[in-house]
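# Coordinate analysis (summary)
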Amino acid sequence: MALTFNPKIFQDIDEKYAAWKKKLGKVFAKKPERLKRFSTVSDKKIADIYTPADLKDQDFAADIGFPGDYPFTRGVQPSMYRGRLWTMRMFAGLGTAEDTNRRFHLLVREGQTGLSTAFDMPTLMGYDTDSPKARGECGKCGVAIDTLKDMEDLFSGLPIDRITTSMTINPPAAVIWAMYIAMAEHRGIDRKVLGGTIQNDMLKEFVAQKTFMCPPEPSVRIVTDTVEFGTKEVPRWNTISISGYHIREAGSTAVQELAFTLADGIAYTEKALERGLHVDAFAPRFSFFFNSHLDFFEEVAKFRAARRMWARIMKERFGAKDPRSLWMRFHTQTAGCSLTAQQPYNNVVRTALQGLAAVMGGTQSLHTNSLDEVLAIPTEEAATIALRTQQIIAEESGVANTIDPLGGSYFVETLTNQMEEEAFELIHKIDHMGGMLAAIEQNFPQQEIADAAYHYQKQIDDHEKTVVGVNKYAIDAEDIPVEVLEIDEALETIQIEKTHRVKENRDGAALKQCLEKVGEACTGTENVMEHLITAVKAGATLQELCDVFRDVFGSYRDPGIY
Amino acid sequence: MKDLVEKVTSGDVRTVARLIRDVDDGMPEVREALKELYPYTGNAYVIGITGAPGVGKSTLVDQMVAHLRKRGKTVGVLAVDPTSPFSGGAILGDRVRMQRHSMDSGVFIRSLATRGHFGGLTQSTRSAIDILDAMGKDVILVETVGVGQDEVDVVRSAHTTVIVVVPGMGDDIQAIKAGILEVGDIFLINKSDREGTDKTLNELRLMIEMDQKKFDKGLWKPPIIKVEAVFDKGVDDFLAAVDEHARYLEQTAGGLKSRRSPERVRQEMVEMIKARLFEEVLDKLTETGEFDRAVDAIVKGSLDPYSACEGLVFPALAGLPDEE
Amino acid sequence: MKHERRVRVMVAKPGLDGHDRGARIIARAYRDAGFEVVYTGLHQTPEEIVEAAIQEDVDMVGLSSLAGAHKYLFQTVVELLRERGAEDIVVCGGGIIPDEDIKKLKSAGVREIFTPGATLDEIVKWVKENVKPR
Ligand code: B12
Ligand SMILES: Nc1nc2c(ncn2[C@@H]2O[C@H](COP(=O)(O)OP(=O)(O)OP(=O)(O)O)[C@@H](O)[C@H]2O)c(=O)[nH]1
Ligand SMILES: [Mg+2]
C-alpha cells in the first residue's frame, strides 16, 4: 500500500515540480543560491524540496505504522511521551566517590530521574589510583573507583532499588558491575530487582572511544559472559548499551554512526546465540546510545531509521518473536564535539536544538551537555542549566504532546529511508568482511571514521561549514566568561591512601584464591561474573582483577590508524 | 670526529639518531663520519622484510624484536614508509606497532621516508644500516613496502631477504613473480588465520619450484612459512628458518661477509658512483645557473636536449675537485 | 635536490587519555604540509615519548591531551628531554587546557599550546615559523 496517494497524483506532482524548478531557475539566474552545495553536517546532499513523489514506494503500514507497532519507526511504546516523559539522565562524575555522591544528590534534588556515572581515566582503563600509569589522572575525568568501598561511598544514601543507574564503563565493566551488585547485596537488595545499565560495548572501543584493555575476541567473550549472567541473574539490567555516540564523536557521519552501531549489535547477538542463549532471552536487555548532532532533520531521521532497522534485523535476521527483542530503546547525548570554547553561552542554544531533535526522534533517556563542555567537566551551575534545558523542552515547548510529530514530513520520511538504505549498504559490506570483529581487525571502521573526521575539519577550515563564534562571528581576544571547574591534584594522595587502607585489611589467602578462580574462569569457559562478585567482596581491587584479564588474554595496543 | 666514532660505537642513542638524520638529509659532512665508522661495521646480521602495503610487516617486525630480545640479541630497526607524492610529507606509521620496545635500551627503532630522491633511499638506508651496525646492534631489521625498485633494492642488500604475503592475494602473487620472487630467501604467509592460506601456499610452492634445477644443485631453496604476526604464532619457526639461512650463508658465502661478496660490492659501488656523480654534477650545474639556462634554451627551442646534456656534463666532470 | 633538511615532527598521546580525534587530524595536517610525522599512538608514558623522539631525531614533539592530566604529563616530557640533553627538541601541545595551566606550562618550557577552535592552518604555520630543522 503506497503512502496515501494514488498514482495519478505522482504524475501531477512531477509536472508541477518541473514547472516550479523552472521558476526557481529564473530566480537563481539573477542571484545565485546562497550556498554552492547544501549538505548536512555529515556532508549528505540535501535537495531543495521534497514531495510525495519522493515517497512513491513507501508502504505506510510496513514502513511507518503506529508507535508500539512493528517496525517501530514512530516509537517503541504505544504511548511514548503521552504516558511518561523520557528519563533525564545527566552524566556525572568527578574526583572521589564522596565528591560524585554529592553531585548525584544534587541532581536528584533538582529533578533528575536516573543516574549516570562517569569514571576517571584510570578506572576506565582498569588501573587503580596507585598505579604509576595513573599519575596525574585521578578524578580528573570522572570518579575514581578502586575498591568495593569506593562503590559503597558513591551510592551512599541513594535509593538504588528505585532509581536506575547507568555506568559508562567498558573493559572493566564486569568488575564494576560485580562491585555494584556486591554493594546492593550488602545493603540487602536482591540482584533480581536491580535496574540499570553498564555500557559494556567493547566493539566501539576499538573504533571510537579507545578505552581498551585486551584484544577484541577475548573482550567480547567477557561481554558475552555478562550478557549470559544478566539474562539469568539480573533480569532488569541492561547488559550492553550499544553505542553510536562515541563513533559519532570520533568524527563519523550519521550514516556511519548508524551502521557501525547496528553492526556491533549484530555481532553481540551472534556471540550470545553461539553461547546457546535464546534470542528472546537476552535481546530485550540490549539498549542503545546515540548522538544528537547539529543537523536537526538528519538526526531525527537517524533515530527513526535506527528503530526500524533494528526491528527488521532482529525479526528477519535473528527470528526474534518477543516484541521487546525488536525494540530499540536508546539513550541520547547531545554532541559534545559541536560545542565551542568561544562564546560558551552559545552552547546552551546548540544543546537545546540537539535535545529537541532527540525528543522528536523518540529517545528513552537524554543527557544534555553543559555550556562549559569544552572547558572542563561541568560546574554545578552549568550542569543545572543543561538539565533545565531538557525540562523546558519537556514541559514548556509542547513538543512532547504528540507522538512522532515529524512523521509524514516528506523530507523526514525520505531522509529516514535514505539513512536506512545507506546504513544497510555499509552493514552488508561489513558482513562481507566477516562481521564487525573482522572489520575491526582490518581497521575498516577506524579508517572510515578518521577520513570523515579529517574531511569535516577541512570543511570548517575552508569555511564550507560554519561554526558560529569560531570561523564566523568570532570575537577577538575573548575572555572566557564562565567559571572552570578544577580538580584538586591532592585528591590523588587521598585516594591512594584510602585504597591502601582497604588493601591492608584483607585476608591475603582468601583474596589469592579468589583471583585464581577468576583466572581459571578466564582460561576456561566458565562464566566469570560470579567469581568477580566473590572477589570484590573479598576486597580485590579493580586493577587486581583487570590484571588477571590482561595476564590471561594479553593487552591490546593502539594500531594508530590516522 | 674521534669523539663521534667513540659515541656511535659505544651506542650513544642521540648521536646515532642525529647521524642517521644527517645521512637522510644528505649532509655532505656525513661522508667523513661514515668513512671512519666503516671499520666498525660488518658484525650485524641484516634481515630485510618486504611485501605489499598492510600485509603485516611492522607487526611481524615487532614480534621478531620481542623474540630476538629473548634470545639476548640487540636489535636495530629501520622502517621505511612512502612519502606522499602530493605534499612531500609522510606519516611514518610503522613505529606505532613497535612502540612497546621504545624503553628497551637493547632496541633502536628509526622510521625513514622514501622521499623519492634519486638513488637516495638505497644509499641512505645502507648508510643507516652501517651506523646501526657500528653502534653494535647484533641484528638489524629493515622494513620496506615492496612496491618500487628502490624499496626492493634496500631489502635485497640484506643477509636474509624475507617476502611477506597474505592469503588470497591471488593475482598479486603473479605480480610478485614478476618483481621480487627472485630476491626472496624466505617467504612468509602472514595472517594465515585467514581463509585461503593453503591455496596461497600451493601457488607459492609451485612458483618457487619452477627453479627446482637450481635447488638440485645445492642452492638455497626458499622455505614458505605460515605465520600469524598479531597472535605471535609461527614466529619461532620463521626465526629458525632465518638461522638455517644464516648457516647456509656461513657454509657457502662466508656468513656475515656475504653482504660484501665481490658481486654485491661491485653492484653497490656502481650505484654509489652513480648517485655521487649525479649529485656532484647537478649541484655544480645548479649552483652556476648553467642548468636553468640550458632548460630555458631547450624550452625556447634554441637548443636540443642532447647537445645541452653533452655541453653540461663533460665540462662539469672535468671541473670536479680531486679531493674535498 | 639533496642536502636539504626536512622537518620531522612527532605527534604523541601521553597518559591514559583516549581522545585521539584531534591528534590524528593534526598528524594528517602536518603530513599534508610536507612534514615527516611520527605518530606514537595512544597511551604513551612520558618516558616512551621522549625515547622515541630521540631515536627518531624529530625537531618537535606535539603533545595532545584532553583528559586533564596535562600538567604532570607535559612537564615530565619537557624535563626528561632536558635530562637527556635534548632540550633543542621543541615541545608544543594542544587539547583541553585551561588558561591558567597554559601559563604554567609555557613557563615550564612548552613553547605553544593550541586549544579547541585553532585552525589547521595556524597550527601548521606555527611549526613553519618556530621549528627549524636543526
Ligand atoms: C569527542 C570527545 C570524546 C570522544 C572521543 C573520540 C576520540 N576517539 O577522540 C568520546 C565520546 C569517546 C569521549 C569520551 C570521553 N570523554 Co570526551 N570529549 C570529546 C569532546 C566533545 C570533543 C573532543 C574533540 O575531539 N574535538 C575535536 C578535535 C578536532 O579537537 P581537539 O582534540 O580539541 O583538537 C584541537 C585543539 O585542541 C588542538 N590540539 C589538540 N591536540 C593537539 C596536539 C597538537 C600537537 C597541536 C599542535 C594541537 C592540538 O588542535 C585541534 C584543532 O583545533 C570534548 C569536549 C570538547 N568539545 O572539546 C570532550 C572531553 C574532552 N571529554 C571529556 C571526558 C571526561 C571524557 C571521558 C573521560 C568521559 C568518561 N568519564 O567516560 C571519556 C574518555 C574517553 C577516553 N578514552 O579518553 C572531558 C575532559 C574533561 C577535562 N579535561 O577536564 C571533555 C572536555 C568534555 C567535558 N567537558 O566533560 N570524548
Ligand atoms: N588477521 C591478522 N591480521 C594481522 C596479522 N598480522 C598483522 N595483522 C594486521 O594487519 C594490519 C596491518 O599490519 P601492519 O603490521 O601495519 O602491516 P604493514 O605491512 O607493516 O603495513 P605498511 O607498513 O602500511 O605497509 C594491522 O591491522 C595488523 O593488526 C595476522 O597474522 N593476522
Ligand atoms: Mg609497516
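Rules and cut-offs
- Counting of residues starts from 1 at the beginning of each chain's written sequence and follows it residue by residue.
- Chains carry letters from A onward and ligands carry numbers from 1 onward, assigned in written order.
- pLDDT decides what is reported in this predicted model: residues at 70 or higher carry local features, side-chain atom pairs at 80 or more are listed and counted, and totals for whole chains, interfaces and linings draw on all residues regardless.
- No hydrogens and no water enter the side-chain calculation; it runs on all heavy atoms of the structure.
- For the domains described, the bounds stem from an automatic or database domain assignment.
- Residue contacts are counted whenever heavy atoms from the two residues lie within 4.5 Å of one another.
- The term buried area denotes the loss of accessible surface (1.4 Å probe radius) that occurs when two parts are joined, taken as the sum for both partners.
- Here, a salt bridge means any side-chain nitrogen of Lys or Arg that lies within 4 Å of a carboxyl oxygen of Asp or Glu.
- Nitrogen and oxygen atoms within 3.5 Å of one another constitute a polar contact, given that in protein one can donate a hydrogen and the other can accept it, and given that sequence-neighbouring residues count only through two side-chain atoms.
- Pairs of strands are assigned from DSSP output, requiring at least two bridges between the strands.
- Going along the chain from the N terminus, every DSSP run of H or I of four or more residues is numbered as a helix, and every run of E of two or more is numbered as a strand.
- Axis lines are fitted through C-alpha atoms, for helices just across the contact stretch, and the angle between N-to-C directions can take any value from 0 to 180 degrees.
- Partly exposed residues are those whose accessible area sits between 20% and 50% of the maximum for their type, while under 20% is buried and over 50% is exposed, using a 1.4 Å probe and protein chains only.
- Note: metal donors comprise N, O and S atoms at 2.8 Å or less from the metal (3.2 Å for Na, K and Ca); water molecules are not included, so apparent gaps in a site are possible.
- Note on terminology: near, applied to a residue and a molecule or strand, indicates that one of the residue's heavy atoms is within 4 Å of it.
- Residues were grouped as follows: Ala, Val, Leu, Ile, Met, Phe, Trp, Tyr, Cys and Pro as nonpolar; Asp, Glu, Lys and Arg as charged; and all remaining residues, including Gly, as polar.
- Only the protein chains shown count as cover for residues, and all accessible areas are computed by the Shrake-Rupley method using a 1.4 Å probe.
- In these notes, a set of buried Ala, Val, Leu, Ile, Met, Phe, Trp, Tyr and Cys residues joined through side-chain atoms within 4.5 Å is what counts as a nonpolar core.
- An angle below 35 degrees is read as roughly parallel, one above 145 as roughly antiparallel, one from 65 to 115 as roughly perpendicular, and any other as oblique.

With that out of the way, let us pick up the domain arrangement of chain A. Accessible area lost when the parts come together is the quantity often used to give the size of an interface. Residue and element names in this part refer to chain A. Domain parsing of chain A yields domain 1 (8-60) and domain 2 (65-461). The interface is formed by 14 residues belonging to domain 1 together with 22 residues belonging to domain 2. In total, domain 1 and domain 2 occlude about 1500 Å² of area from one another, counting both sides; carbon and sulfur atoms represent 59% of this. If you sort the residues of domain 1 by the area they bury against domain 2, Val41, Lys44 and Tyr50 come out on top, with a joint share of 40%. Our enumeration of links across domain 1 and domain 2 arrives at one salt bridge. Between glutamate 422 and lysine 44 there is a salt bridge; the shortest N-O distance is 2.9 Å. Inspection of the region where domain 1 meets domain 2 yields eleven residue pairs in polar contact (both at pLDDT 80 or more).

What follows concerns the sheet that holds strand E1 (residues 45-51) of chain B. Either a parallel or an antiparallel arrangement is found when strands of a sheet pair, and the pairing is made through backbone hydrogen bonds. Residues and elements named next belong to chain B. Ordered by their spatial adjacency, seven strands build an open sheet running E4-E2-E5-E1-E6-E7-E8, and the pairing between neighbours is parallel. Because the sheet does not close on itself, it has two edges, and the strands there are strand E4 (107-113) and strand E8 (224-226). Across the sheet, the axes of successive neighbouring strands diverge by a mean angle of 20°, strand direction being ignored. Taken together, the seven bridges between strand E2 (residues 75-81) and E4 define a ladder with parallel strand orientation. Residue pairing in the sheet places glycine 76 in a bridge with phenylalanine 108 of E4. Sheet contacts for helix H7 (residues 149-156): E1, strand E5 (139-145) and strand E6 (160-165); angle to E5, the most-contacted strand, approximately 165°. Those strands touched by helix H11 (residues 235-253) are E1, E6, strand E7 (186-189) and E8, and its axis lies near 125° from that of E1.

The next point concerns the environment of A:Asp57. All names here are of chain A. Note that aspartate 57 resides in the loop between helix H1 (7-30) and helix H2 (60-64). Given the relative accessible area of 74%, aspartate 57 is considered exposed. For the pair formed by aspartate 57 and leucine 277, sequence separation is 220 residues and the distance between their alpha carbons is 38 Å.

All names here are of chain B. Only Ser58 (OG), Asp94 (OD) and Glu143 (OE) from the protein reach the magnesium ion (ligand 3) as donors, at distances of 2.0 to 2.2 Å. Along the chain, the residues donating to the magnesium ion (ligand 3) are arranged with the sequence spacing S-x35-D-x48-E. With serine 58 in helix H4 (residues 57-70) and aspartate 94 in the loop between strand E3 (90-92) and helix H5 (95-98), this residue pair connects regions lying 36 residues apart in the sequence.

Residues and elements named next belong to chain A. With respect to the secondary-structure elements, alanine 47 resides in the loop between H1 and H2. Judged by relative accessible area, which is 38%, alanine 47 ranks as partly exposed. Spatially, the C-alpha atoms of alanine 47 and proline 67 are 28 Å apart, while their sequence positions differ by 20 residues.

At the interface, 36 residues of chain C touch 35 residues of chain B. Taking both partners together, chain C and chain B bury about 3300 Å²; carbon and sulfur atoms supply 49% of that area. Scanning the region where chain C abuts chain B turns up nine salt bridges. Close ionic contact of B:Arg110 with C:Glu56 constitutes a salt bridge, the shortest N to O distance being 3.8 Å. Taken together, chain C and chain B are joined by 23 residue pairs in polar contact (both at pLDDT 80 or more). Listing elements by their share of the side of chain C that touches chain B, those giving two or more residues are helix H1 (21-32), strand E2 (36-39) and helix H2 (46-56) of chain C.

Here the focus is the site of ligand 1. As a structural note, the neighbourhood of ligand 1 is formed by 45 residues, with A:Glu373, A:Ala376, C:Gly18, C:His19 and C:Ala118 the closest of them. Ligand 1 sits at the junction of chains A and C, each of which supplies nearby residues. Contact distances for ligand 1 include 2.7 Å between an oxygen atom and a backbone N or O atom of C:Gly18. Within the backbone of C:Pro116, one N or O atom sits 3.5 Å away from an oxygen atom of ligand 1. Elements represented by at least two residues in the shell around ligand 1 include exactly helix H4 (121-124), helix H7 (202-209) and helix H9 (245-249) of chain A together with H1, strand E3 (60-65) and strand E4 (90-95) of chain C. Taken together, the residues of the shell around ligand 1 sort by class into 23 nonpolar, 17 polar and five charged.

Residue and element names in this part refer to chain A. With an omega of 0°, the peptide bond between tyrosine 70 and proline 71 qualifies as cis. Note on placement: proline 71 falls in the loop between H2 and strand E1 (87-92). Located in the positive-phi region is phenylalanine 72, a residue other than glycine, with phi close to 65°. Mapped onto the fold, phenylalanine 72 is located in the loop between H2 and E1. On the basis of relative accessibility, which here comes to 2%, the residue phenylalanine 72 falls in the buried class. Within the chain, histidine 463 stands out as a residue other than glycine whose phi angle is a positive 60°.

Taken together, 21 residues sit near ligand 2, with B:Lys57, B:Ser58, B:Thr59, B:Arg97 and B:Lys191 positioned nearest. Ligand 2 sits at the junction of chains A and B, each of which supplies nearby residues. Contacts to ligand 2 include B:Ser58, whose backbone N or O atom sits 2.8 Å from an oxygen atom. In this structure, an oxygen atom belonging to ligand 2 sits 3.1 Å away from a side-chain N or O atom of B:Glu143. Protein contact buries 87% of the 650 Å² of open area that ligand 2 shows by itself. Taken together, the elements giving at least two residues each to the shell around ligand 2 come down to H4 and E5 of chain B. Residue contributions to the shell around ligand 2 peak at three residues, all from H4(B). The residue makeup of the shell around ligand 2, split by class, is five nonpolar, six polar and ten charged.

Relative to the elements of secondary structure, C:Lys71 occurs in helix H3 (residues 70-83). When neighbours within four sequence positions are excluded, C:Lys71 is seen to be in contact with A:Glu486, A:Glu489, C:Asp101, C:Lys104 and C:Leu105.

One finds A:Met151, A:Phe155, A:Leu532, A:Phe549 and C:Tyr30 to be the most contacted residues of the largest nonpolar core, which totals 175 residues. The leading source of residues in this core is helix H6 (residues 173-186) of chain A, at twelve residues. In contact with A:Phe155, not counting residues within four places along its chain, are A:Asn101, A:Phe104, A:Leu115, A:Thr117, A:Ile160, A:Thr165, A:Tyr180, A:Met183 and A:Arg187.

Let us now look at the coordination of the cobalt atom of ligand 1. The protein supplies the cobalt atom of ligand 1 with one donor atom, C:His19 (NE2), which lies at 2.2 Å. Along the polypeptide, C:His19 turns up in the loop between strand E1 (8-12) and H1.

A separate point is the packing of H3(C) against helix H4 (residues 99-108) of chain C. Residue and element names in this part refer to chain C. Contact geometry of H3 with H4 gives a least axis separation of 10 Å together with a crossing angle of 10°. One element, H3, and the other, H4, form an angle in the roughly parallel class. Of H4, the residues touching H3 (which contributes His70, Lys71, Phe74, Gln75, Val78 and Arg82) are Asp101, Lys104, Leu105 and Ala108. When the residues that make up the contact of H3 with H4 are grouped by side-chain class, the tally is four nonpolar, two polar and four charged.

Every contact between the two is made by 41 residues of chain A and, on the other side, 29 residues of chain C. Buried surface at the junction of chain A and chain C, summed over both partners, amounts to about 2900 Å²; 57% is from carbon and sulfur atoms. Linking chain A with chain C are four salt bridges. Residue A:Lys210 is joined to C:Asp20 by a salt bridge in which the shortest nitrogen-to-oxygen separation is 2.6 Å. At the surface where chain A touches chain C, the tally comes to 13 residue pairs in polar contact (both at pLDDT 80 or more). In terms of residue count, the dominant contributor to the side of chain A that touches chain C is helix H18 (residues 444-461) of chain A (nine residues). Of the residues contributing to the side of chain A that touches chain C, the split by class is 21 nonpolar, seven polar and 13 charged.

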